[in-house]
Amino acid sequence: MATMEECRSALDKLAENLAGANGDLRSAAALDRSVSCRITDLDITFLGRLTDGRIEDVTVVPGLPDERAEIRLTMSGDDLVALVDGELHFARAWGSGRVKLEAGFRDLLRLRKLL
């Protein structure tokens, strides 16, 4: 089972990847939305803000946050680490239910380029 530190490191790596994206990927990541990543096996949620292709102001709260983020991911810590390391394909994980993504319809359309 991935630790909270390993999950935080994976999110930092994801943020770096988004910040370094170019072209269509950069425009897809250029949203200004609140984001959350719930790690089910650790019962924690990372909260932050996706701004201009960067994930900023990341904090950790136990359990579920009081407010719902505009873009919400839910998965195990091991799946987060595997996704960011390229060992787990997002579409397959999402299709099998290992990863859950919730967002508004327009956001989903833009995010599909990233995923």
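Placed above this text is the structure.
Because the structure is a prediction, the values reported are computed rather than measured.

Enquirer: Give a detailed account of the overall build of the protein chain, specifying residues and quantitative values.
Expert: Within the protein chain, the secondary structure is distributed over 5 helices and 5 strands. Reading the secondary structure of the protein chain in the N-to-C direction produces α-α-β-β-β-β-α-α-β-α. Sequence separation of at least 24 residues holds for 57% of the intrachain contacts in the protein chain that already meet a minimum separation of 6.

Enquirer: How would you explain the packing of aromatic side chains if you had to name every residue and give the values?
Expert: Using the criterion set out here, one finds 1 aromatic pair in the structure. Taking 5.9 Å as the distance between ring centres and 35 degrees as the angle between the ring planes, the aromatic pair formed by Phe90 and Trp94 counts as tilted. Within this pair, Phe90 and its partner Trp94 are both found in helix 4 (residues 90-96), separated by 4 residues, close to a single helical turn. On the accessibility criterion, Trp94 (44% relative accessible area) is partly exposed.

Enquirer: Would you mind going over the nonpolar core in detail, with residue names and values included?
Expert: Counting residues in each nonpolar core, the largest one holds 25 residues, and the members touching the most others are Cys37, Ile39, Phe46, Ile71 and Leu80. Elements with a contribution of two residues or more to this core: helix 1 (4-19), strand 1 (32-39), strand 2 (44-51), strand 4 (71-75), helix 3 (77-84), helix 4 and strand 5 (100-103). With residues up to four places along the chain from it excluded, the contact list for Leu80 reads Cys7, Ala10, Leu11, Cys37, Ile39 and Met75.

Enquirer: Describe in detail the pairing of strand 5, supporting the description with residues and values.
Expert: Covered by surrounding structure in strand 5 are Leu101 and Ala103 only, the residues Lys100 and Glu102 on the alternate face being uncovered. Examined bridge by bridge, strand 4 and strand 5 share 4 bridges and lie antiparallel to one another. Among the inter-strand pairings, Arg72 is bridged to a residue of strand 5, identified as Glu102.

Enquirer: Outline the sheet that holds strand 1, supporting the account with residue identities and numerical values.
Expert: The 5 strands lie next to each other as 3-2-1-4-5, forming an open sheet whose pairing is mixed. The open sheet has two edge strands, strand 3 (54-62) and strand 5, and neither has a second partner. Strand-to-strand twist of the sheet, defined as the mean angle between neighbouring strand axes without regard to direction, takes the value 15 degrees. When strand 2 meets strand 3, the two strands line up antiparallel, connected through 7 bridges. When the sheet's bridge partners are listed, Arg49 is paired in strand 3 with Glu56. Together, strand 1 and strand 4 form the strand contacts of helix 3, whose direction differs from that of strand 4 by roughly 110 degrees.

Conventions adopted
Residues numbered from 1 in each chain as written. Predicted model: local features only at pLDDT ≥ 70, side-chain atom pairs only at ≥ 80, totals over all residues. Heavy atoms only, no water. Helix = DSSP H or I, 4+ residues; strand = E, 2+ residues; numbered from the N terminus. Contact = heavy atoms within 4.5 Å. Phe/Tyr/Trp six-rings, centres within 6.5 Å; stacked < 30°, edge-to-face > 60°. Buried < 20%, exposed > 50% of the residue type's maximum accessible area, 1.4 Å probe, protein only. Core = buried A, V, L, I, M, F, W, Y, C linked by side-chain atoms within 4.5 Å. Pairing = 2+ DSSP bridges. Axes fitted to C-alpha atoms, helices over the stretch in contact; angles between N-to-C directions.

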